[in-house]
Amino acid sequence: MSGRSKVIIITGASSGIGRATALRAADHEDHLVLVARGAGALEDVARECRASGAASVMVLPCDVGDDSAVAACFEKALTAHSVIDAVVHAAGVVAYGRTEEIPPDVFDGVLRTNLTGSVNVARHAVSTFRTQRAGTLVLIGSVIGHISVPSMSPYVISKWGIRALARQLLVENRDMPGVHIAYVAPGGVDTPIYEQAANYDGHIGRPPPPIATPEKVARIALRLLERPRARSQVNLSNEVIRLGFSVLPGIFDMLVGPLFRLAAIDGTSPIEPHRGNVLASHEAGNKLHGGQRGALAGIARNALARVRVAASGSAK
Ligand SMILES: NC(=O)c1ccc[n+]([C@@H]2O[C@H](COP(=O)([O-])OP(=O)(O)OC[C@H]3O[C@@H](n4cnc5c(N)ncnc54)[C@H](OP(=O)(O)O)[C@@H]3O)[C@@H](O)[C@H]2O)c1
């Protein structure tokens, strides 16, 4: 597949990791098919990609939770290009809250986009690749697909599901050496997903350190098209977290709650419950970066706030 411009379908292409992947593939002069629900933000990315040198750009607004819409995207891409070399599947949403707190439609919405959406994309990608006897599907999972954290119930379940899907596809496609399945698990990434998330936790989420850039994840995803590899963790810290979860489950479960509230929630910014972008695109929030630097300062602010609360309690 190297040596000529590739045809790449990128889902979630209007924001964060998908957007960074589109821009990097444009630099490589690839043919891009950009997928997300909101058409306007996709058109903005398409303009940026054309300016960066993409061989061609096709914009296909589509909800990945709708299988017939996904099928239509693949048909249109194949009609235009006759081949699809790769699919980078980065569409995803988040809802914060406990299992019993998140309204059922929002809970189902996260599973629909993240899990059913991944299955829909995989169904059409794999069937195209098997016909071509070649192609690479990159599924963007998460370190959260290997562990449990409080207050992200449907996201945790969906990401475990994506990891299961990746393994299942690996087993099912062993007979075709030209068809590659690659699973990439980022830790915290500086994207707008935290601001876009539905929230029933009372406080806004944020990426825990170390925070990767979406460009770093895009680099890893696109490298896999040249050198396919079944599993990639974006940060070394993911390995430590996974090890703790598997080897010391009792200690992990005891520590994960307090550590999560310290490092992955902004305890100083209370917010009202809201549905975020789970059930419909909030296009204005789709950007390349999330402005989520300064994780250590955030942890210090949370710690200070707790000390103040404890001090005011003991003064009463
Ligand atoms: N940011 C992190 O810290 C982090 C960490 C680990 C894993 N990840 C994973 O990385 C992937 C990308 O996340 P991100 O941080 O880049 O998020 P993001 O900046 O919020 O981008 C999400 C993209 O998905 C699209 N999308 C959402 N629902 C969709 C649907 N039903 N159908 C089609 N497109 C849909 C969004 O556009 P529309 O809303 O317009 O559809 C947007 O383009 C996700 O799978 C996420 O779980 C992120």
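In this text, all values refer to a predicted model and were calculated from it rather than measured experimentally.

Chemist: With reference to specific residues and values, describe the overall build of the protein chain.
Modeler: In terms of regular secondary structure, the protein chain is built from 10 helices and 13 strands. In terms of overall size, the protein chain behaves like a compact globule, its C-alpha atoms giving a radius of gyration of 20 Å where 316 residues would be expected to give roughly 20 Å. The principal-axis extents of the C-alpha atoms in the protein chain amount to approximately 75 × 40 × 35 Å. Counting only residues that meet the buried cut, the protein chain has 47% of its 316 residues in that class.

Chemist: Residue-level account of the nonpolar core, with values.
Modeler: One finds Leu32, Leu34 and Ala95 to be the most contacted residues of the largest nonpolar core, which totals 87 residues. In terms of residue count, the dominant contributor to this core is helix α4 (residues 104-132) (8 residues). Aside from chain neighbours lying at most four places away, what touches leucine 32 is Ile8, Ile10, Ala22, Ala25, Ala26, Cys49, Ala54 and Val57.

Chemist: Go over the site of the ligand with me, naming the residues and quoting the values.
Modeler: Near the ligand lie 36 residues; those nearest to it are Gly12, Gly16, Arg37, Gly38 and Gly92. Only α1 (16-27), α4, β8 (188-189) and α6 (193-196) provide two or more residues apiece to the shell around the ligand. Broken down by element, the residue count for the shell around the ligand peaks at 3 residues, all from α1. Residues belonging to the shell around the ligand are distributed by class as follows: 15 nonpolar, 18 polar and 3 charged.

Chemist: Any details on the pairing of strand β4 (residues 86-89)? Residues and values, ideally.
Modeler: Side chains of β4 alternate between two faces, with Ala86 and Val88 and Val87 and His89 buried alike. Here strand β1 (residues 7-11) pairs with β4 via 4 bridges, running parallel. Looking across to β4, one finds that isoleucine 9 is bridged to valine 87. With 4 bridges connecting them, β4 and strand β6 (residues 135-140) associate as parallel partners. Residue pairing for β6: alanine 86 is matched across the bridge by threonine 136.

Chemist: Outline α1, listing residues and values.
Modeler: Relative to the 16 Å expected for 12 residues at 1.5 Å per residue, α1 spans 17 Å between its end C-alpha atoms, a close match to the ideal helical length. Counting buried positions along α1 yields 10 of 12 residues, so the element is predominantly enclosed. Those residues of α1 that fall on the buried side of the exposure criterion are Gly16, Ile17, Gly18, Arg19, Ala20, Thr21, Ala22, Leu23, Ala25 and Ala26. Downstream of α1 by a residue or two, glutamate 29 has a phi angle that is positive, lying close to 65 degrees.

Chemist: Could you give me a rundown of the packing of α1 against helix α7 (residues 214-226), with the residues and numbers involved?
Modeler: Contact geometry for α1 and α7: axes closest at 8 Å, N-to-C directions at 60 degrees. When the interaxial angle is binned, α1 and α7 end up oblique. Considering only the axes of α1 and α7, their crossing is right-handed. Here Gly16, Ile17, Arg19, Ala20, Thr21, Arg24 and Ala25 of α1 come into contact with α7, specifically with Pro214, Glu215, Val217, Ala218, Arg219, Ala221 and Leu222.

Chemist: Tell me about the sheet that holds strand β3 (residues 56-61), residues and numbers included.
Modeler: Here we have 7 strands laid out as an open sheet, ordered β3-β2-β1-β4-β6-β7-β12, and parallel in their pairing. Every other strand in the sheet has two partners, leaving β3 and β12 (231-233) as the edge strands with one partner each. The mean angle between the axes of side-by-side strands here comes to 15 degrees, regardless of whether they run parallel or antiparallel. Relative to the sheet, helix α3 (residues 67-81) contacts β1, β2 (31-36) and β3, its axis offset from that of β3 by approximately 160 degrees.

Chemist: Help me get a handle on helix α9 (residues 249-263), residues and values and all.
Modeler: Every α-helix winds through 3.6 residues per turn, so residues three or four apart in the chain are directed the same way. With 15 residues, α9 should reach 21 Å at 1.5 Å per residue; the first-to-last C-alpha distance of 20 Å fits that figure. Taken as a whole, α9 carries its principal kink of about 40 degrees at valine 256; the proline proline 258 stands between one and four residues after it. The buried fraction of α9 is low, at 0 of 15 residues.

Chemist: So what's going on with unusual backbone geometry? Which residues, and what values?
Modeler: Residue proline 210 is bonded to the preceding proline 209 through a cis peptide linkage, with omega at -5 degrees. If you trace the backbone, proline 210 turns up in the loop between β10 (203-205) and β11 (211-212).

Chemist: An account of the packing of α3 against α4 is requested, with residue identities and associated values reported.
Modeler: With their axes 9 Å apart at the nearest point, α3 and α4 run at an angle of 35 degrees to one another. The chirality of how α3 crosses α4 is right-handed. Residues Asp67, Val70, Ala71, Phe74 and Leu78 of α3 lie in contact with α4, whose contacting residues are Asn120, Val121, His124 and Thr128. Grouping the amino acids of the contact of α3 with α4 by side-chain chemistry returns 5 nonpolar, 3 polar and 1 charged.

Chemist: Summarise the pairing of β6; cite the residues concerned and give the values.
Modeler: Most of β6 sits out of view: 6 of its 6 residues are buried. Neither face of β6 is left uncovered, since the one carrying Gly135, Leu137 and Leu139 and the one carrying Thr136, Val138 and Ile140 both have all their residues buried. Inspection of the sheet shows β6 paired to strand β7 (residues 179-185) by 6 bridges, in the parallel sense. Each bridged residue has a counterpart across the sheet, and for threonine 136 the counterpart in β7 is histidine 180. For the handedness criterion, the β-α-β arrangement of β6, helix α5 (residues 153-172) and β7 is classed as right-handed.

What counts, and at which threshold
- Along every chain, residues carry numbers that run from 1 in the direction the sequence is written.
- In view of the model being predicted, local features appear only for residues whose pLDDT reaches at least 70, and side-chain atom pairs are presented and counted only at 80 or more, with totals across whole chains, interfaces and linings using the full set of residues.
- Put simply, DSSP H or I for four residues or longer makes a helix, DSSP E for two residues or longer makes a strand, and each gets a number counted from the N terminus.
- C-alpha atoms define the radius of gyration in this analysis, and the globule rule sets the expected value at 2.2 Å times the number of residues to the power 0.38.
- Any residue whose C-beta has 12 or fewer other C-beta atoms within 10 Å is treated as exposed, any with 20 or more as buried, and any in between as partly exposed, C-beta atoms being built from the backbone.
- Note on definitions: a nonpolar core is a set of buried residues drawn from Ala, Val, Leu, Ile, Met, Phe, Trp, Tyr and Cys, linked by C-beta atoms within 7 Å.
- Any residue pair is listed as a contact if its two C-beta atoms, each placed from the backbone, are within 7 Å.
- Any residue qualifies as near a molecule or strand once its backbone-derived C-beta atom lies within 6 Å of it.
- Ten residue types, Ala, Val, Leu, Ile, Met, Phe, Trp, Tyr, Cys and Pro, are classed as nonpolar, four, Asp, Glu, Lys and Arg, as charged, and the remainder, Gly among them, as polar.
- DSSP calls a pair of strands paired once it identifies at least 2 bridges connecting them.
- The span expected for a helix works out to 1.5 Å for each residue beyond the first.
- With axes taken as lines fitted to C-alpha atoms, and helix axes fitted only over the stretch in contact, angles between N-to-C directions fall between 0 and 180 degrees.
- Should an angle lie under 35 degrees it is considered roughly parallel, over 145 roughly antiparallel, and from 65 to 115 roughly perpendicular; all remaining angles are considered oblique.
- Each crossing gets its handedness from the near helix: less than a right angle anticlockwise from the far helix is left-handed, clockwise is right-handed.
- Bend is computed residue by residue as the angle between axes fitted to the seven residues ending at the residue and the seven residues starting at it.
- Convention used here: a crossover is right-handed provided that the path from the first strand, over the helix, to the second strand proceeds clockwise when the strands point away from the viewer.

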